[in-house]
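Examination of the molecular architecture
Okay, here's what each chain looks like letter by letter:
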Amino acid sequence: MTSASPAAPAAKTRLRLVPLLEPRQSVAEGLRIGIYVGSLLLAVLVSVLLLAGAGVPPGDLGREIMTTAFSSPRALGSVLAQTAPLVVAGLATAIAFRANFWNIGLEGQMILGAIFASYVAIHDIGPESARLLLMAVAAALGGMIWVAGPGLLKIRLGVNEVITTLLLNYVAFNLLLHLLYGPWKDPVSAFPHTEQYEAFEKLPQLGWQNLTWALPLSGLLALALWWAYSFSRLGYLVDLMRSNATMARAVGVPVLGLSVASILGSGAVGGLTGFAIAAGIEGRMTQDFFVGYLFSGVLIAFLGRNHPLGVVVVAFFMAVLMLLGQSLQVFFGVPSALVQLIQAVFIICVAASEFFLTYRMHWRSAA
Amino acid sequence: MTIFRSVLKLAAVGTFATMQLAGMAQAEFAAVGNPKPAVILFGPSNDGGWSQAIDEARQKLEDELDMRIPQAEEIPESATAIRPAAELFIERGSNIIIGSAFGYSDTFKELAEQYPETVFINPAGTTNGPNLKSVYGRTYETQYLCGMVAGGLTKSNKIGFVAANPFGLVNWTVNAYLMGARQVNPDAELSVVFTGAWGDPVKERAATEALIEQGVDVVGQHVDTPTPQIVAAEHGIYGTGHHRDLSEFSAATQCSSVWTWDRFLKPEIEKIAAGAFEPAPYGAFLSIAEGGGDIACCGDAVSEELKAKVMAERDAIIAGKQIFAGPLSDRDGTLRVAEGEVLSDGDLWGMDWFVDGVTGQ
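Conventions we followed
Residues numbered from 1 in each chain as written. Chains lettered and ligands numbered in written order. Predicted model: local features only at pLDDT ≥ 70, side-chain atom pairs only at ≥ 80, totals over all residues. Heavy atoms only, no water. Contact = heavy atoms within 4.5 Å. Buried area = accessible area lost by both parts, 1.4 Å probe. Salt bridge = Lys/Arg side-chain N within 4 Å of Asp/Glu carboxyl O. Polar contact = N/O pair within 3.5 Å; in protein donor to acceptor, adjacent residues only side chain to side chain. Helix = DSSP H or I, 4+ residues; strand = E, 2+ residues; numbered from the N terminus. Nonpolar A, V, L, I, M, F, W, Y, C, P; charged D, E, K, R; others polar. Buried < 20%, exposed > 50% of the residue type's maximum accessible area, 1.4 Å probe, protein only. Pairing = 2+ DSSP bridges. Right-handed = clockwise from strand over helix to strand, strands pointing away. Domains from an automatic or database assignment. UniProt positions renumbered as here; feature names shortened; annotations may be inferred. Phe/Tyr/Trp six-rings, centres within 6.5 Å; stacked < 30°, edge-to-face > 60°. Lys NZ or Arg CZ within 6 Å of the ring centre and 35° of its normal. Core = buried A, V, L, I, M, F, W, Y, C linked by side-chain atoms within 4.5 Å. Axes fitted to C-alpha atoms, helices over the stretch in contact; angles between N-to-C directions. Parallel < 35°, antiparallel > 145°, perpendicular 65-115°, else oblique. Left-handed = near helix turned anticlockwise from the far one by under 90°.

In this section: the interface of chain A and chain B. The interface is formed by 38 residues belonging to chain A together with 41 residues belonging to chain B. Taken together, both faces of the contact between chain A and chain B bury some 3600 Å²; the carbon and sulfur share is 53%. Considering only the surface of chain A that becomes buried against chain B, R74, V188 and F191 of chain A emerge as the three largest contributors, covering 19% of it. Counting across the interface, chain A meets chain B through three salt bridges. Here E87 of chain B and R74 of chain A are joined by a salt bridge, their closest N and O atoms 3.5 Å apart. The interface formed by chain A and chain B holds 12 residue pairs in polar contact (both at pLDDT 80 or more) in total. Of all the elements, helix α12 (residues 308-332) of chain A adds the most residues to the side of chain A that touches chain B, at six residues. Grouping the constituent residues of the side of chain A that touches chain B by class yields 15 nonpolar, 14 polar and nine charged.

Residue and element names in this part refer to chain B. Evaluated as defined, the whole model comprises 29 salt bridges over all chains. Here E268 ties to K133 by a salt bridge, and the two come within 2.8 Å at their closest N and O atoms. Note that E268 is positioned in helix α10 (residues 261-273) and K133 in strand β5 (residues 132-137), a separation of 135 residues in sequence. The class for K133 is buried, based on a relative accessible area of 5%. The closest approach of N and O atoms between K203 and D200, which form a salt bridge, is 3.9 Å. Take K203: its relative accessible area is 33%, and that puts it in the partly exposed class. Looking at D200, the relative accessible area reads 19%, which means it is buried.

Moving on to the pairing of strand β4 (residues 119-123) of chain B. Residue and element names in this part refer to chain B. When you tally the buried positions in β4, you get five out of five residues, the bulk of the element. Of the two faces of β4, both are covered, the one formed by V119, I121 and P123 as well as the one formed by F120 and N122. Note that strand β3 (residues 96-98) and β4 share three bridges and pair parallel. By the bridge assignment, I98 is partnered in β4 with I121. Between the parallel pair β3 and β4, the chain is carried across by helix α5 (residues 105-114), and the sense of this crossover is right-handed. Pairing of β4 with β5 involves four bridges; the strand directions are parallel. Paired with P123 across the two strands is V135, which belongs to β5.

This next bit is on the sheet that holds strand β1 (residues 37-40) of chain B. Residues and elements named next belong to chain B. Spatially, six strands are ordered β2-β1-β3-β4-β5-β11 in an open sheet, and the strand pairing comes out parallel. The sheet terminates laterally at β2 (71-72) and β11 (284-286), the two strands that pair on one side only. Of the pairings in the sheet, the one linking β1 to β2 comprises two bridges and is parallel in character. Bridge pairing in β2 places I40 opposite A72.

Another aspect to go through is the domain arrangement of chain B. By a widespread convention, an interface's size corresponds to the accessible area lost as its parts come together. Residues and elements named next belong to chain B. Domains assigned within chain B are domain 1 (13-138 + 261-286) and domain 2 (139-259 + 293-359). Just the C-alpha atoms count here: the centres of domain 1 and domain 2 sit 28 Å apart. Taken together, the two surfaces of domain 1 and domain 2 that pack against each other cover about 1800 Å², and 59% of this comes from carbon and sulfur. On the domain 1 side of the contact with domain 2, Y136, R138 and F285 bury the most area, a combined 35% of that side's loss. For E56, the salt bridge is made with R244, and the minimal N-O distance between the two is 2.8 Å.

Bringing helix α11 (residues 293-303) of chain A into the picture now. Listed in full, the buried residues belonging to α11 of chain A are Y293, L294, S296, G297, I300, A301 and L303 of chain A. Of the residues trailing α11 of chain A, R305 of chain A is marked for its positive phi of about 55°.

Let's shift gears to the UniProt feature "domain: ABC transporter substrate-binding protein PnrA-like" (unreviewed entry) in chain B. When the UniProt feature table is mapped onto this chain numbering, "domain: ABC transporter substrate-binding protein PnrA-like" (unreviewed entry) sits at residues 38-277 of chain B. The distance from the first to the last C-alpha atom of residues 38-277 of chain B is 17 Å, and the span holds 44% helix and 20% strand.

To continue, consider the packing of aromatic side chains. Counted under the stated rule, the structure contains 29 aromatic pairs over all chains. Their ring planes at 65° and their centres at 5.0 Å tell us that F191 of chain A and F102 of chain B sit as a pair that is edge-to-face. Separated into two different chains, F191 of chain A in the loop between α6 (161-181) and α7 (214-231) and F102 of chain B in the loop between β3 and α5 make up a pair that spans both. With respect to class, F191 of chain A is no different from F102 of chain B; both count as buried. Taken together, a centroid distance of 4.7 Å and an interplanar angle of 15° make the contact between W259 of chain B and W261 of chain B stacked. W259 of chain B sits in the buried class, given a relative accessible area of 8%. Taking relative accessible area as the criterion, W261 of chain B reaches 2% and is therefore assigned buried. Sitting over the face of the ring of Y229 of chain A, R98 of chain A holds its NZ or CZ atom 4.2 Å from the ring centroid. Directly above the ring of F285 of chain B sits R138 of chain B, whose terminal nitrogen or CZ lies 4.0 Å from the centroid.

As a further point, take the environment of R32 of chain A. All names here are of chain A. Checked against the element boundaries, R32 lands in helix α1 (residues 29-53). We classify R32 as partly exposed; its relative accessible area is 24%. Spatially, the C-alpha atoms of R32 and E354 are 9.3 Å apart, while their sequence positions differ by 322 residues. Excluding residues that lie within four positions of it along the chain, R32 makes contacts with V27, R305 and L357.

So, about the nonpolar core. One finds W172 and F324 of chain B to be the most contacted residues of the largest nonpolar core, which totals 164 residues. Tallying contributions element by element places helix α3 (residues 73-98) of chain A first for this core, with 12 residues. F324 of chain B has contacts with Y140, W172, N175, A176, M179, V337, E341, V342, L343, L348 and M351 of chain B, leaving out every residue within four places of it along the chain. Membership of the second largest hydrophobic core comes to 22 residues, among which are F331 of chain A together with A81, I82 and I97 of chain B.

Here we take up the packing of α3 of chain A against helix α4 (residues 79-91) of chain B. Between α3 of chain A and α4 of chain B, the shortest axis-to-axis distance is 9 Å and the interhelical angle comes to 170°. For the element pair α3 of chain A / α4 of chain B, the angle class is roughly antiparallel. Crossing hand, α3 of chain A versus α4 of chain B: left-handed. Counted together, R74, S78, A81 and Q82 of chain A of α3 of chain A and T80, P84, E87, L88 and E91 of chain B of α4 of chain B form the full contact between these two elements. Each residue belonging to the contact of α3 of chain A with α4 of chain B can be placed in one class, and the counts come to three nonpolar, three polar and three charged.

Shown next, in the form of structure tokens:
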């Protein structure tokens, strides 16, 4: 501490504190939850202030959100309907990230998945009873084909997969446009989407709200991956490879095989994301069914720490944020730009909380 | 499947319509009494084009009908986004839901069946029912008139056109634009570039600059942003706008093909309130006279003589003149409309051909 000279007024005496960062060796569960909750509370506080500035009284806000957005089965149904594709998108990304393969090509893989599934639907391939299964298999195959090239380039030549997977999104989109404005234009309306799938080509309704089987199936996929990563030998080896590939190879872990499996697995689930939307939500392939899922997928995988169950939880909250944005617009007439700002505040707060989980911060005086 | 498809094609000649004829037989829609409309916008309400045109109509209606009309903007064309937005409004007491995108069509159809007490109106939609009506304008009429302006202004006889996506409702504006231009200038040629996106300022700028390099000196457009007009002004050439009066963004704009949604929606809302909603199996396909649109014309560069010609043609169209009247052949020489006939609405929606003088990329 700087010593104050007796002549100087007390105000001149300044205590300058600087942070000192120390990486945490381990994080207690309570602290983890505390930090997450704290970041959410901060986000709520900032959002309420922003909205108050825009003329929404905080009291009204709380009441509206609690009574309207979360209490009715209809609202919960809407959130869950949006959750399903986000879960699959987050899983597709997490599988790749977990193996240190930065797959930024989710949208391309979704498009190829939907194209392959639509091909099966349009050309009536296979018996009606097996049609959906065939569409799903085709979608997974399409996604795998689209990620295989960047995977091969990365493994054999060390080409940066961020660039290759990202650019292939544009190739896939142009392929989609070609099909929708050309051979696959809707024969009924001449508008640019495929014809409607037959009833047996859509994921069946659950019978509650407007939910389809996309929701339980995405949950099952998350459970299966959770089991694989947490309890199977495979998951252990993938994590070993992720933390140090050279060491893993030295001790005999089949690094090449695991990388290939993870990359193709990510592509396959990416293709299934396209299938989940085309067959589970839209009932046909539309021109922009994939828009936004790339960034959502990366965000969900990141915030869910590439953990399958974390992905499910984060996907649910993402869906809540999206739907909450709508109710803010509908009920309070706030512009959508403000809604997006609030969504960003939540995401930044949660993302920033990672920092406090990774580091312990000591305050030292800078003498 | 192919047979199934051709049957469908025949059945849906109107095609403004994945109409389900069975649905049309349902009972007439009852009066809603106290109308409470709400608007769901596909784009941001200040996009300068399509969405803003609907938003401006909403504001006019608020004044004229003396009511607040809430809206939600930037609701993407995905069932998971459209449905909750519409349902929030309905729970909140709205009984007339106004959409703004063809990607809303399937979801609006489902919602209309689920909420029979609510009327759904969807500009640019394709589905219809007892309480659901899709609406679009005969934009070829207004683009034809702006094409006349372009034809009169061009010195090089090379006109450019920046278009979004190549299908019926865009292709007809391309064709009509050149037909209008040729009416005042038979030597006019039209180069069209499709950007593949409804609103992508970057691609629109690249497309406009490429056209200008090819020597065009007037640029027309059918995209959602005013970018082509802004680029035209930067290069000191003229242009014509679409969706709204784009002279607000660019001094280059000499004519705009504009929406006048309030002219359609005001009487429509009043009819719904009075219990006189008229379902239409093929939706409403509005001419200038029916409130489908109009032109904002003309800029300073347009001579009084040219302006008089355009306005006289506008009067003729309002009085019933048809743009796609036979004999009309496409650029490959195939006869598309026989002598004495007029292109059907179904063929308009399915238009995948261009008239002589149109050059693609």
